[in-house]
Amino acid sequence: MLRVSTSFYSVISSGEQLILKFGSKFLHFWKLRVDRARSLGTVAPSSRYLARDMVTELKKNHSENGVVVELGPGNGAITRHILSSVQDPESVLPIEISSDSVEKLNRKFPVLNAVHDSAANLEKYITNGQKVQAIISGLPLRVMPRDCVHQIGEAIHNVMGPDSIYVQYTYDLRPKKDAYFKRGNFKKISSRIVWRNLPPARVDVFVAN
Ligand SMILES: C[S@@+](CC[C@H](N)C(=O)[O-])C[C@H]1O[C@@H](n2cnc3c(N)ncnc32)[C@H](O)[C@@H]1O
């Protein structure tokens, strides 16, 4: 009797252990996803609808030349569209803080030489007199520390010329909530919502003041 209940107990017990083990693995996996999502500011890469919208202005200025900076390219959902919108693919300069993403990006698009650094150091990569055509940003500014966002805003502003554009998307659809940076540094020239992206995103285009 004792043996039966003991073995019965041990079966339940190992079953429970299995469930617990599976449960804790699942929780660990989920926590990693949420932590990663926090640093990325999203749980999914941008859709082709959002990516296309982000490069609309580039396509309009197809004849323009100069560097096209991409901030926070991740695994390249928008990069692909940038590359097909510029005349010279070597003019594209992606700056990404995750070394994993940089490695994947350079493997996926051999023409690129993606930089592993923070967007806050953008000025280091633009040589004196080099023209910046556009800055396309997928940075999750709303979840980043304020001082970092401030530094990035200054760096973007400092490299922009009179004809440069800065394109930023956000999942915050409220049009008035767009003061990422110091007041007066940028002027918004267009804003539209891409409803087909999941979640829907707002794409804002700025020029430097
Ligand atoms: C929301 S994901 C966007 C990825 C991709 N552009 C897209 O739209 O699918 C944000 C990206 O910004 C990168 N990132 C976050 N902080 C950064 C920083 N300070 N400098 C450069 N990249 C950064 C993250 O590693 C991540 O790849």
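Cut-offs applied
- Residues numbered from 1 in each chain as written.
- Predicted model: local features only at pLDDT ≥ 70, side-chain atom pairs only at ≥ 80, totals over all residues.
- Helix = DSSP H or I, 4+ residues; strand = E, 2+ residues; numbered from the N terminus.
- Contact = placed C-beta atoms within 7 Å.
- Pairing = 2+ DSSP bridges.
- Axes fitted to C-alpha atoms, helices over the stretch in contact; angles between N-to-C directions.
- Expected span 1.5 Å × (residues − 1).
- Buried ≥ 20, exposed ≤ 12 C-beta atoms within 10 Å, placed from the backbone.
- Arc of directions from axis to C-beta.
- Core = buried A, V, L, I, M, F, W, Y, C linked by C-beta atoms within 7 Å.
- Near = placed C-beta within 6 Å.
- Nonpolar A, V, L, I, M, F, W, Y, C, P; charged D, E, K, R; others polar.
- Right-handed = clockwise from strand over helix to strand, strands pointing away.
- pLDDT = per-residue confidence, 0-100.

### Let's talk about the overall build of the protein
A tally of regular secondary structure across the protein gives 6 helices and 7 strands. Contacts in the protein between residues far apart in sequence, at least 24 positions, make up 70% of those at least 6 positions apart.

### Observations concerning the pairing of strand β6 (residues 186-194)
Here β6 pairs with strand β7 (residues 201-208) via 8 bridges, running antiparallel. Its bridge partner being in β7, K188 is matched across the sheet by F206. If you look at the hairpin formed by β6 and β7, you'll find 6 residues sitting between the two strands.

### Some points on the sheet that holds strand β3 (residues 115-116)
Whenever strands of a sheet pair, they do so through backbone hydrogen bonds, lying parallel or antiparallel. A sheet is described by the order of its strands in space; here 7 strands give the open sequence β3-β2-β1-β4-β5-β7-β6, paired in mixed fashion. Of all strands in the sheet, those with a lone pairing partner are β3 and β6, marking the two edges. Inspection of the sheet shows strand β5 (residues 165-170) paired to β7 by 5 bridges, in the antiparallel sense. Bridge pairing in β7 places T170 opposite R202. Set on the sheet, helix α5 (residues 99-108) makes contact with β2 (92-96) and β3; between it and β2 the angle comes to about 155°.

### Some thoughts on helix α6 (residues 146-159)
Within an α-helix, residues lying three or four positions from one another point in the same direction, as the helix has 3.6 residues per turn. With 14 residues, α6 extends 20 Å between its outermost C-alpha atoms, agreeing within 8% with the 20 Å of an ideal straight helix rising 1.5 Å per residue. Listing the buried residues of α6 in full gives V149, I152, A155, I156 and V159. Take α6 and look down its axis: the buried residues cluster within an arc of 125°, on one side only. For α6, the exposed residues set more than 90 degrees away from the buried face come down to R146 and D147. On its buried side, α6 packs onto β4 (132-137) and β5.

### Quick word on the nonpolar core
Counting 45 residues, the largest nonpolar core has V68 and V69 as the members making the most contacts within it. Ranked by residue count, the leading element in this core is α6, at 5 residues.

### Considerations on the site of the ligand
Taken together, 22 residues form the shell around the ligand, and within it P45, S46, G72, G74 and G138 come nearest. When its residues are assigned to classes, the shell around the ligand shows 12 nonpolar, 9 polar and 1 charged.

### Some details on the pairing of β4
Counting buried positions along β4 yields 6 of 6 residues, so the element is predominantly enclosed. Relative to β4, strand β1 (residues 67-71) runs parallel, the two sharing 5 bridges. When the sheet's bridge partners are listed, V68 is paired in β4 with A134. Once the chain exits β4 it traverses α6 before rejoining the sheet at β5, and the crossover so formed is right-handed.

### A short note on unusual backbone geometry
A cis amide bond links L198 with the next residue in sequence, P199, at an omega value of -5°. Locating P199 in the fold gives a position in the loop between β6 and β7.

### Some remarks on the environment of K182
With respect to the helices and strands, the residue K182 is situated in the loop between β5 and β6. Considering only alpha carbons, one finds K182 and H150, 32 residues apart in sequence, at a separation of 7.1 Å. If we skip the residues at most four places from it in the chain, K182 touches H150 and G153.

### Points about the environment of Y125
When you line up the elements, Y125 lands in the loop between β3 and β4. As a C-alpha pair, Y125 and V69 span 56 residues in sequence and 9.7 Å in three-dimensional space. Ignoring any residue separated from it by four or fewer positions in sequence, one finds Y125 in contact with L93, I95 and V115.

### Focus: the confidence of the model for the protein
On average, residues of the protein score 83 in pLDDT, and 76% of them reach the 70 mark or higher. Low pLDDT (under 50) marks residues 1-15, which in the prediction has 0 contacts with non-local residues, meaning those over four places away or in another chain. Per-residue pLDDT stays below 50 along residues 28-34; that stretch engages in 0 contacts with residues further than four places along the chain or on separate chains.

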